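These are the residues of each chain, in order.
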Amino acid sequence: MCVLAVLQDQEGYGYEILERLRSEADLELTESTIYPLLARLSKDGMLLIRIAKSPNGPQRRYYRLTAEGQRRLAQMVKHWESINESVTKLLKGRSK
Amino acid sequence: MTELLTELAPSIQKLIDARLDNIDRALLSTDIGRYERRQVVCAVEDQIMELVSRIDRDEPSRDDILRILASLDPPEAYGSGSMQQGNEHKLHRTDSRLAPSRFANSTEPKGGVLAIVSVTSGVISLLSVLTVFVLGFLAIAMVGVLSMAALVCGIVALCQLTYTGGKGSAKAMSIIGIASFPVSTAVMCLLLLFLS
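Every value quoted in this text rests on a predicted model; they were computed, and no experiment measured them.

## With respect to the overall build of chain A
Okay, so step 1: Tallying secondary structure elements over chain A gives four helices and three strands in all.
Okay, so step 2: From first element to last, N terminus to C terminus, chain A shows the α and β order α-β-α-α-β-β-α.
Okay, so step 3: Counting across all 96 residues of chain A, residues that qualify as buried make up 41%.
Okay, so step 4: Long-range pairs, those at least 24 residues apart, make up 42% of the contacts in chain A with a sequence separation of at least 6.
Okay, so step 5: For chain A, the computed accessible surface area is about 5600 Å², with 51% contributed by carbon and sulfur atoms.

So, in structure tokens, the structure goes:
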């Protein structure tokens, strides 16, 4: 869900996605976690890959959400919000 | 291979290729397909090139490349054990107080094989007891029925042979049949006493 959320508004290349997850979400995910995930998501039709050269020279593999990916993200967010709400309610009830 | 990679010195290129090959081999031990494996290796290669391009030097040195490779996950991190433990194992907050060791030893439950041996042995022993029980009852029934048959047939035969003047060998067989009744009954009683 985090990976899909990072790509919700703009496409990104692998290393950039890692950096965004670290800087924006404070999550230290490593490439051995993210790259297989990106590969699976693209295989499942959630992501589209575009290969382009970077201004510095090396090629980059840009990932962006497909319509299916957007739908999946919306489902996952909904599910997450529901879980989060329930757990928060439970914890608040316990602390009283 | 990227364009930049072909421009690197052969010794440096070898280092990168070796790392990528090792990752590919590690991925082979997982259940992911060729397409995904290729995507992962290409993504790692892109990242290495990205990091190489950020070096403020015209030509990266061997030490630069080694430093970059050391900053990446080792190939084993892509292997089956690592992948099967789930990604959440490696997901943690950047706060070092909360962060577990990245490649901490797994605490897989042990004793599965012994449990299987235990349940198999237990079931076989129960079946054996059951078999002995059933066979024991059959044996007792057979002893009872056959010795009674031997006794009755032996007595009847002996009477008929006495009245009709039969052969001596037939009389001997009848006597053996009659004698088998108390012998087999006694042996069976002794056996039952011993077992109880």
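## Concerning the overall build of chain B
Okay, so step 1: Each helix and strand in chain B was counted, giving seven helices and zero strands.
Okay, so step 2: Going residue by residue from the N terminus, the α and β elements of chain B occur as α-α-α-α-α-α-α.
Okay, so step 3: Taken across its 196 residues, chain B has 27% of its residues classed as buried.
Okay, so step 4: The long-range share in chain B, meaning contacts at least 24 apart out of those at least 6 apart in sequence, stands at 59%.
Okay, so step 5: Summed over all atoms, the accessible surface of chain B reaches about 13200 Å², with 66% contributed by carbon and sulfur.

## A few points about the layout of surface pockets
All names here are of chain B.
Okay, so step 1: In this structure, the second largest pocket spans a volume of roughly 280 Å³.
Okay, so step 2: At the level of elements, α6 (112–164) and α7 (168–195) are the ones that each hand at least two residues to the lining of the second largest pocket.
Okay, so step 3: Broken down by element, the residue count for the lining of the second largest pocket peaks at seven residues, all from α6.
Okay, so step 4: Grouping the amino acids of the lining of the second largest pocket by side-chain chemistry returns 10 nonpolar, one polar and no charged.

## Some points on empty space enclosed by the protein
It is the rolling of a water-molecule-sized probe over the atoms that shows where space remains empty.
Okay, so step 1: Enumeration according to the criterion identifies one cavity of 30 Å³ or more in this entry.
Okay, so step 2: Of the pockets and cavities examined, the largest cavity occupies roughly 70 Å³.

## A word on the interface of chain A and chain B
Where the parts come together, the accessible area they lose is often given as the size of the interface.
Okay, so step 1: At the interface, 28 residues of chain A touch 29 residues of chain B.
Okay, so step 2: Both sides of the chain A and chain B interface together cover about 2800 Å² of buried area, and 52% of this is carbon and sulfur.
Okay, so step 3: When residues of chain A are sorted by the area they lose upon contact with chain B, A:Y15, A:E28 and A:S32 head the list and together hold 20% of the total.
Okay, so step 4: For A:K43, the salt bridge is made with B:E36, and the minimal N-O distance between the two is 3.4 Å.
Okay, so step 5: Those elements that provide at least two residues to the side of chain A that touches chain B are α2 (14–25), α3 (31–43), β2 (47–53) and β3 (59–65) of chain A.
Okay, so step 6: The element that contributes the greatest number of residues to the side of chain A that touches chain B is α3(A), accounting for 10 residues.
Okay, so step 7: In the side of chain A that touches chain B, the residues fall into 13 nonpolar, six polar and nine charged.

## Observations regarding the nonpolar core
Okay, so step 1: With 45 residues, the main nonpolar core has A:I34, A:Y35, A:L47 and B:I48 as its most contacted residues.
Okay, so step 2: Broken down by secondary-structure element, the contributors of at least two residues to this core are α1 (2–6), α2, α3, β2 and β3 of chain A together with α2 (10–28), α3 (34–53) and α4 (62–71) of chain B.
Okay, so step 3: Those residues in contact with B:I48 that lie beyond four places of it in its chain are B:I16, B:L20, B:I68, B:L69 and B:L72.

## Some words on the packing of aromatic side chains
The geometry of an aromatic ring pair comes down to the distance between the two centres and the angle between the two planes.
Okay, so step 1: A complete count under the given rule lists two aromatic pairs over all chains for this structure.
Okay, so step 2: Ring geometry for B:F133 versus B:F137: centroids 5.1 Å apart, planes at 70°, classification edge-to-face. With a gap of four residues between them, B:F133 and B:F137 both fall in helix α6, about one helical turn apart.
Okay, so step 3: Of note, A:R50 hangs over the ring of A:Y62, and the distance from its end group to the ring centre comes to 4.7 Å.

## Observations regarding the pairing of β2(A)
Within a regular strand, the side chains alternate between the two sheet faces.
Okay, so step 1: Summarising the sheet, β2(A) and β3(A) pair through seven bridges and their orientation is antiparallel. Opposite A:A52, over in β3(A), you have A:R60 as the bridge partner.

## Quick word on the packing of α2(A) against α3(A)
All names here are of chain A.
Okay, so step 1: Where α2 meets α3, the axes come as close as 10 Å, and the angle between the chain directions of the two elements is 125°. As judged from the angle between their axes, α2 and α3 are oblique. Here α2 runs over α3; the crossing is right-handed. Contacts between α2 and α3 involve G14, Y15, I17, L18 and L21 from the first element and E31, I34, Y35 and L38 from the second.
Okay, so step 2: Taken together, the residues that form the contact of α2 with α3 break down as seven nonpolar, one polar and one charged.

The rules we used
- Residues numbered from 1 in each chain as written.
- Chains lettered and ligands numbered in written order.
- Predicted model: local features only at pLDDT ≥ 70, side-chain atom pairs only at ≥ 80, totals over all residues.
- Heavy atoms only, no water.
- Helix = DSSP H or I, 4+ residues; strand = E, 2+ residues; numbered from the N terminus.
- Buried < 20%, exposed > 50% of the residue type's maximum accessible area, 1.4 Å probe, protein only.
- Contact = heavy atoms within 4.5 Å.
- Areas by Shrake-Rupley, 256 points an atom, 1.4 Å probe, with all protein chains shown as cover.
- 1 Å grid on protein atoms, 1.4 Å probe; cavity = no way out; pocket = protein on both sides within 12 Å on 5 of 7 lines; lining within 4 Å.
- Points joined across faces, edges and corners; volume = space filled by probe spheres on them.
- Nonpolar A, V, L, I, M, F, W, Y, C, P; charged D, E, K, R; others polar.
- Buried area = accessible area lost by both parts, 1.4 Å probe.
- Salt bridge = Lys/Arg side-chain N within 4 Å of Asp/Glu carboxyl O.
- Core = buried A, V, L, I, M, F, W, Y, C linked by side-chain atoms within 4.5 Å.
- Phe/Tyr/Trp six-rings, centres within 6.5 Å; stacked < 30°, edge-to-face > 60°.
- Lys NZ or Arg CZ within 6 Å of the ring centre and 35° of its normal.
- Pairing = 2+ DSSP bridges.
- Axes fitted to C-alpha atoms, helices over the stretch in contact; angles between N-to-C directions.
- Parallel < 35°, antiparallel > 145°, perpendicular 65-115°, else oblique.
- Left-handed = near helix turned anticlockwise from the far one by under 90°.

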